[in-house]
Each structure stands twice: as structure tokens, then as C-alpha cells.
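Take a look at the letters that make up each chain.
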Amino acid sequence: MNDATRRRFLGLASAGAASLLPSAPGRADAPAMAEPGAGDACILTPQSEEGPYYLDPKLVRADITEGRPGVPLSFRLRVIEAGACTPIAGARVDIWHCDARGLYSAFRDQGDGHNIDQTGKTFLRGTQRADQSGWAAFNTIYPGWYAGRATHVHFKVFLEDRTVLTGQTFFPEALNEFIYNNVPDYTGRPKQRLVINVNDRVATEADPDHRAYCAVKEERDRYVAMLTLAVDRNGKPNAEIMPSGPPSRAPWIKDRLAALVPGLKRSPF
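Note that the coordinates shown come from a computational prediction; the quantities given were computed from them, not determined experimentally.

## Regarding unusual backbone geometry
Right, so step 1: Here L124, not a glycine, exhibits a phi torsion of approximately 60°, which is positive.
Right, so step 2: Relative to the assigned elements, L124 resides in the loop between β2 (92-96) and β3 (125-129).
Right, so step 3: Backbone geometry places D161, a non-glycine residue, at a positive phi of 65°.
Right, so step 4: Inspection of the secondary structure assignment puts D161 in the loop between β5 (152-159) and β6 (162-170).
Right, so step 5: Accessibility expressed as a relative area gives 64% for D161, which makes it exposed.

## Quick word on the nonpolar core
Right, so step 1: F75, I95, Y142, F171, I179 and Y186 are the most contacted members of the largest nonpolar core, which totals 38 residues.
Right, so step 2: Those elements that place two or more of their residues in this core are β1 (72-81), β2, β4 (135-141), β5, β6, α2 (173-182) and β8 (223-231).
Right, so step 3: When residues in this core are grouped by element, the largest group, 5 residues, is from β8.
Right, so step 4: Among the nonpolar cores identified, the runner-up in size contains 9 residues, and Y54, Y104, A106 and F158 belong to it.

## Side note on the state of the cysteines
Right, so step 1: Under the defined criterion, the tally for this structure stands at 1 disulfide.
Right, so step 2: The partner cysteine of C42 in its disulfide is C85, sulfur to sulfur 1.3 Å. Judged by the sign of its S-S torsion, about 135°, the cystine formed by C42 and C85 is right-handed. One end of the pair, C42, is in the loop between α1 (3-16) and β1; the other, C85, is in the loop between β1 and β2, with 43 residues separating them in the sequence.
Right, so step 3: Overall, C42 belongs to the buried group, its relative accessible area being 9%.

## Section: the sheet that holds β8
Neighbouring strands of a sheet are bound in pairs by backbone hydrogen bonds; such pairs are parallel or else antiparallel.
Right, so step 1: Ordered in space as β4-β1-β8-β7, the 4 strands form an open sheet in which the pairing is mixed. Since the sheet does not close on itself, it has two edges, and those belong to β4 and β7 (215-218), each with one partner. Averaged over neighbouring strand pairs, the angle between their axes works out to 20° when direction is ignored.
Right, so step 2: The pairing of β7 with β8 spans 4 bridges and is antiparallel. By the bridge assignment for β8, V216 is matched with A225.

## Re the pattern of salt bridges
Right, so step 1: Evaluation of the coordinates by the stated rule reveals 17 salt bridges.
Right, so step 2: Put simply, E49 and R201 hold a salt bridge, and the shortest N to O gap is 2.9 Å. Separated by 152 residues along the polypeptide, E49 in the loop between α1 and β1 and R201 in helix α3 (residues 201-206) bring together distant segments of the chain.
Right, so step 3: The exposure class assigned to E49 is buried, which follows from its relative accessible area of 2%.
Right, so step 4: For R201, a relative accessible area of 22% puts it in the partly exposed group.
Right, so step 5: A salt bridge links R68 to D99; its shortest N-O distance comes to 2.7 Å. Taken together, the residues span a long stretch of sequence, with R68 in the loop between α1 and β1 and D99 in the loop between β2 and β3 at a distance of 31 residues.
Right, so step 6: Of the residues examined, R68 reaches a relative accessible area of 22% and is grouped as partly exposed.

## Quick notes on the packing of aromatic side chains
Right, so step 1: Enumeration over the complete set of coordinates arrives at 7 aromatic pairs.
Right, so step 2: Relative to W96, the ring of Y54 lies with its centre 4.5 Å away and its plane at 50°, an arrangement referred to as tilted. With a gap of 42 residues between them, Y54 in the loop between α1 and β1 and W96 in strand β2 connect regions that are remote in the sequence.
Right, so step 3: Overall, the relative accessible area of 14% leaves Y54 in the buried class.
Right, so step 4: Overall, W96 belongs to the buried group, its relative accessible area being 1%.
Right, so step 5: An aromatic cluster is built from Y53, Y104, F107 and Y146, whose rings are joined through pairwise contacts.

## Regarding the environment of V71
Right, so step 1: Inspection of the secondary structure assignment puts V71 in the loop between α1 and β1.
Right, so step 2: Assessed through its relative accessible area of 0%, V71 is described here as buried.
Right, so step 3: Placed 114 residues apart in sequence, V71 and D185 show a C-alpha to C-alpha distance of 8.3 Å.

Definitions and limits used
- Residues numbered from 1 in each chain as written.
- Predicted model: local features only at pLDDT ≥ 70, side-chain atom pairs only at ≥ 80, totals over all residues.
- Heavy atoms only, no water.
- Helix = DSSP H or I, 4+ residues; strand = E, 2+ residues; numbered from the N terminus.
- Buried < 20%, exposed > 50% of the residue type's maximum accessible area, 1.4 Å probe, protein only.
- Core = buried A, V, L, I, M, F, W, Y, C linked by side-chain atoms within 4.5 Å.
- Disulfide = S-S within 2.5 Å.
- Pairing = 2+ DSSP bridges.
- Axes fitted to C-alpha atoms, helices over the stretch in contact; angles between N-to-C directions.
- Salt bridge = Lys/Arg side-chain N within 4 Å of Asp/Glu carboxyl O.
- Phe/Tyr/Trp six-rings, centres within 6.5 Å; stacked < 30°, edge-to-face > 60°.

Structure below.
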């Protein structure tokens, strides 16, 4: 998306979707964000499955786009200790997500035809260390979608190289629909998007209370997504439900998705 198209799109988004977005304090480029209130933000963030597309390319970087086209997104995660609500400075935060066409870097057998190979690529993956206020920030693009899943971004939190949280965050469906129906980088897919937040098994089973749904607001030239991650310093993460390999190595997944995606031949995770 070039600058003129981006400005035109964001103007449309202001009129079409901004009123539907939850508000959140702060600016995307600020060094620190406003402190969250005590309340629900301090309750332990639910664990979720890692899925097969995680890897650690050891890329400590704030900008993870690598030139992938899409709507600019500032993605900010704040790591705190559950209960005490105190920020955890220095926590390692990893994120990874698909591009505007539903493709992950580093894996094969992807796309609507399951025939796209992204082996050797590292786009839309990165690591940051939380600052003194617990914030870790990434510059990326709004994630796309792929068959069988709602729109989401994966994250991991490490303390002293120990995984304390593996999860996924979800986005407002009103904004998802607006972007997927209006922005050329996301439109023109041969298949219909059938799975949204309300019928995504990962969202409904792992996070029925929506504690890991991010808040999204619009700024002049981007969207800003924010989420507080409350972790247990001494806790153990859930056992990973899904293997960390490409879909072709996990054929059993297709049975679980058959009701949602008739004719599915490979896992969409």
C-alpha cells in the first residue's frame, strides 16, 4: 500500500470503522503507555495453543514488517505480574502472525491452495524486551486471515529463558470486516472467510471471557493494538496442544476443522 492509498484508506476507516473501535490511551510512538487500571488487567492471562508456525529466528527488532504490504499496525503488549499488577521489566516478548494474504514466514504448504512455500523467510516475526513499565512494542501490519481461524496474533512471554505464557490475541470483527472488504492488499481471496471470533475454537475454548482480546484504536496513519499480559512468575505454561511443525506433519488437525471448513485438506494453523 503506497502513501496515497494508505492516507485514503485511513480516511475511509475514520468514517467507516473508527466509531466501532474500543478506545485506549497513549500514542503508538510514545516511549511508554498509560498505566492500566487494577481490575481485570491483573487477572492471569489465559494460555492458548502455540500452533505449528512458531520458531525463534533470534530477531530482536521492533519493526517486523520486512516490506510486507498491509495496513500499518503498532502492536503493544504490557507484561505485568498477575495479582500484584506490577510491571515486569526485561521480560522477553515474541510475536508472530500471518500477512495480509494469510501467509506465515518460514513454512511451506500455505495459501488458499496450500501450495505456497515461505521457507527461509522471516517476515512478521520478532522479539522485544519489555521496558521499565513492562511495555514491548512492535511495528507491523494488520494481520490477514486463513481458513479455519479468526484473525489473531500469537505471542510468547519468557522470564529468564523460561516460557511463562503462550497465547493468542483477537481483533474486533467490525474492523476485520472493514479491512478485508475495502483494502486491496486483503481483498480478492478465492475462498470465503468462514471462521470469526464467535466460532473460532481457540478463541471460544481458551479465552471465553475475552481476556486476551486486544483493544484497538485509530491514529493518523495507523491502528494501535494494545493488550496487558498478566503472568505468574513461578507458573508453568500449559502443555502445547499442537505440534510446532508445518501442517503436513499434523494430519489429525483436519478432522477437528471439517465441520467449519468442508473439504479442507490440510491444517490451517
